[in-house]
Amino acid sequence: MTEPLLETTSWIAHVVVSSGLAHLDRPFDYLVPDDLVGRVQSGVRVRVKLAGRLCDGVVVAVDHEQEPGVTLAPLERLVSDQVVATPGQLNLARHVADHWASTLEEVLRWAIPTRHATTEAADPPPWPTPTVTMPSGTLQTLDRGRHFLALLEAGQRPRAHWRVTPVRGPGDDDRLGDWKNGLLQAVCATLASGRSAVVCCPTVDDVATVHATFQAVLGAGTVAVLHADQPASARWRHYLAVIRGTARVVIGTRSAVMAPVANVGLVAVWDEGSDHHDEPRAPYPNTRDVAALRAQIDHCALLLASYSCSVRSASWLESGWLVGIGADRATMRAVCAPVRIPGDSDLAMERDPLARSIRLPGLAMATIRDGLLRGPVLVSVPRVGDLISPSCARCRTPVRCPSCGGPATGRRTTSGVDMHCTWCGRHLSAWRCPECRSTDVRSGIVGATTTATELGRAFPDVPVVDSSANHVRERVDSTPRLVVATPGAEPLPESGYSCAVILDAVSSLSRPGLATVEQTVDRWMATLALVRSVRDGGRAVIVGPSEDASLQAMVRNDPIGWATRELADRREARFPPAVPCGIVDGHPKAVALAAQRLREWFGADLEVLGPVPQQHRPGESQRDRIIVRPSGTMAPTELSQGLFRLRSTHTMGHETGSLRIVIDPVNIL
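All values reported here derive from a predicted model rather than from experimental measurement.

Some words on the UniProt feature "binding site: Zn(2+) 2" (unreviewed entry) in the chain
Moving on, step 1. Taking the numbering used here, the UniProt-annotated feature "binding site: Zn(2+) 2" (unreviewed entry) corresponds to Cys401, Cys404, Cys421 and Cys424. Of the residues just listed, which span 24 residues, no C-alpha pair is farther apart than 8.6 Å, and they cluster in one region.
Moving on, step 2. By the element assignment, Cys401 lies in the loop between strand 16 (391–392) and strand 17 (408–413).
Moving on, step 3. Setting aside residues up to four positions removed in sequence, Cys401 forms contacts with Gly406, Cys421, Cys424, Arg426 and Leu428.
Moving on, step 4. Mapped onto the fold, Cys424 is located in the loop between strand 18 (416–421) and strand 19 (441–442).
Moving on, step 5. Cys424 has contacts with Cys401 and Cys404, leaving out every residue within four places of it along the chain.

Digging into the packing of aromatic side chains
Moving on, step 1. Counted according to the given criterion, the structure contains 4 aromatic pairs.
Moving on, step 2. Arranged with centres 4.1 Å apart and planes meeting at 0°, the rings of Trp179 and Trp270 form a pair that is stacked. Separated by 91 residues along the polypeptide, Trp179 in helix 5 (residues 179–192) and Trp270 in strand 10 (residues 264–270) bring together distant segments of the chain. Of the two residues examined, Trp179 and Trp270, each falls in the buried class.
Moving on, step 3. Three or more aromatic residues joined by ring pairs make a cluster, and in this case those are Trp179, Trp270 and Tyr307.
Moving on, step 4. Stacked on the ring of Phe575, the Lys or Arg Arg629 has its end atom at 5.4 Å from the ring centre.

Focus on the packing of helix 1 (residues 87–99) against helix 2 (residues 104–111)
Moving on, step 1. Closest axis-to-axis distance for the helix 1/helix 2 pair is 8 Å, and the angle between their directions is 120°. On the basis of their axis angle, the class for helix 1 and helix 2 is oblique. As for the relative orientation of helix 1 and helix 2, their crossing is right-handed in sense. When helix 1 is examined against helix 2, the residues Gln89, Leu90, Ala93, Arg94, Val96 and Ala97 are found in contact with a partner set consisting of Leu104, Val107, Leu108 and Ala111.
Moving on, step 2. By residue class, the composition of the contact of helix 1 with helix 2 is 8 nonpolar, 1 polar and 1 charged.

Things to note about the pairing of strand 27 (residues 582–586)
Moving on, step 1. Taken across its 5 residues, strand 27 has 5 buried, putting it largely inside the fold.
Moving on, step 2. Judged by which residues are buried, strand 27 turns out to be covered on both faces: Gly582, Val584 and Gly586 on one side and Ile583 and Asp585 on the other are all buried.
Moving on, step 3. Of the pairings in the sheet, the one linking strand 27 to strand 30 (residues 659–663) comprises 5 bridges and is antiparallel in character. Note on strand 30: the bridge partner recorded for Ile583 is Val662.

Description of the pairing of strand 3 (residues 44–50)
Moving on, step 1. Along strand 3, 5 of the 7 residues are buried, which leaves the element largely enclosed by surrounding structure.
Moving on, step 2. Note that strand 3 and strand 5 (residues 77–83) share 3 bridges and pair antiparallel. Across the sheet, residue Arg47 finds its bridge partner in strand 5, namely Arg77.
Moving on, step 3. Looking at chain direction, strand 3 and strand 4 (residues 53–63) are connected through 6 bridges and run antiparallel. The partner of Arg45 across the bridge, within strand 4, is Val58.
Moving on, step 4. Where strand 3 folds back on strand 4, the antiparallel hairpin that results is connected by 2 residues, among which Ala51 adopts a positive phi of roughly 55°.

Parameters and conventions
Position numbers for residues count from 1 along each chain, tracking the sequence in the order it is written. Per-residue local features are limited, in this predicted model, to residues with pLDDT of at least 70; the limit for side-chain atom pairs, both in listing and counting, is 80 or more; totals at the level of whole chains, interfaces and linings are taken over all residues. Only hydrogens and water are set aside when side-chain values are computed; all heavy atoms of the structure are taken into account. UniProt positions are given in the numbering used here, feature names are shortened, and annotations may be inferred rather than shown by experiment. Helix and strand assignments come from DSSP, with helices taken as H or I runs of at least 4 residues and strands as E runs of at least 2, each series counted from the N terminus. We call two residues in contact when some of their heavy atoms are within 4.5 Å. Classification of ring pairs rests on two measures: the distance between centres of Phe, Tyr or Trp rings, Trp counted by its six-membered ring, which must be within 6.5 Å, and the angle between planes, read as stacked under 30 degrees, edge-to-face over 60 and tilted in between. The buried label applies to any residue whose accessible area, calculated with a 1.4 Å probe on protein chains only, is under 20% of its type's maximum; exposed applies above 50%, and partly exposed to all values in between. We count a charge as sitting over a ring when the NZ of a lysine or the CZ of an arginine lies within 6 Å of the ring centre and within 35 degrees of the ring normal. In this analysis, axes come from line fits to C-alpha atoms, helices being fitted only over the stretch in contact, and the angle between any two N-to-C directions falls in the range 0 to 180 degrees. What sets the label is the angle itself: under 35 degrees gives roughly parallel, over 145 gives roughly antiparallel, 65 to 115 gives roughly perpendicular, and the rest give oblique. Definitions for this section: a left-handed crossing has its near helix turned counterclockwise from the far helix by less than a right angle. A right-handed crossing has that turn clockwise. In this count, Pro and Cys sit with the nonpolar residues alongside Ala, Val, Leu, Ile, Met, Phe, Trp and Tyr, while Asp, Glu, Lys and Arg are called charged and the others, Gly among them, polar. Strands are treated as partners if at least two bridges between them are detected by DSSP.

Here is the structure:
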């Protein structure tokens, strides 16, 4: 006689616990109490005990699977019946964590907004269905753009990089420079196929602009918005509309790329090369890279759009993984404002011998003077403020804080000079040079405020607008005026700027960082996109070395060609994105031990550069850094796995000091 098979009747919840420890990056099993059976499901928030501490957690699965002989602790509490993470979102989060050597808990913390209980308990407001009306122009006027939209409408999943034509104003008859209209067309095509769409922008201002454009066509209240500047109630209400399946279009900043939309058909990223897409907190992902990963995992379309082109996108274009969309060379010449560099030829040097040695050469002044006859003129300056890197006007001794030795900054006022230390914040009143005892101060670098003052003296009858720092102006009309602005703070012109002058190119290009030139070209192209068409007399001038490759790319209006050559240079130098790379920084002892472990684990297959001490301010602890990259046939996944193993070993041993790991950190190198 055989005994009947005994089946387990207890329900087991597998929970990702917010422990903050890398070596605990796995689901923990908890017993579901009888009163919570049927309510605890995948994606809900719970409270559990781990090592005697009460922690938050997210349920990733509920089943009967239990290790034999193990006594499980019960769930302490169900936070809410509301599902906050879908199975698809959990799967994507796991891939993101594996790629960026992170934990699933860190990714979910980044992707899921803060809960707002009152909003969650309230009856959800009605969410209208979008009205799909395909706008004209923009992508519809480009051969590959029309093909891309046709594939979206047919339910396909094309991948493309759209290089938006940098032009603005009435001369852009086909709206080639209207990136908002192009994104709207892609979303409409996706909605027509019965699928949903996610659009990510680098800044909250861009989100607001896109939101207004979309709602004007799709209908009021049809678009969900997700960004960190929203009130907690509004953000949670929109997130609930997404996860409940009522919102089919999502617009937001970085974390919106993880939005759990149902049946996603398109993920689009505007200004894909902007450094604003780099998440400054763990797991330090980039929106563009997460979007590309999601396109593969969720089998959806991908559209990366920008006036420029990042080196990462250039690598995908080169390999054929992305298809390029953009106007042809003849159309670009016929539409975009031409760009000139002072002293770019022998003839130009004969006409203006000082073109390469002064800050505002004759060509720049003539362009400003001519542009003021037709409308507003934009002067772009890379630095904010008045007194930047100040020094003694007599002996050039830099102004330093007498307390901590930090660099100073300041501004000129009617009563004199107001300076303070950038490190400790101390005001440097009654400063006197320690070398020559002079009290006169000069700025080492001319900023936007000083430039506006100087141009106001040169053009006394013209209004001057300084748009930078904490006094950013949103818009200007078509009245002739001088607008001095820093990159990203340019007021939107009513019908485009008549001309633009970009100053101090050398200062912009000489900043430290692997991605400096890449980001500078991106900002220059965005500035060029504010200028009227050549048909309306639009012109642009960049003051800098004419032989520089990035300036030549501006003259040729060819950022993709520049990015392709930059990719070749990085491939030769073995830097990302050509070669995967990682940074490990933290306490000197922890970093030294990490370097030793990596050399022992991987040997000659991994190149370890460092450790090198990092600059730090007085009062801050010393931090060291190592750079690691494969030297053999190691795959990027192996590098990520090795660095995550490093994190796990560090936290498991409760070792001294902090340890941070960043994958492909082009903005840190």
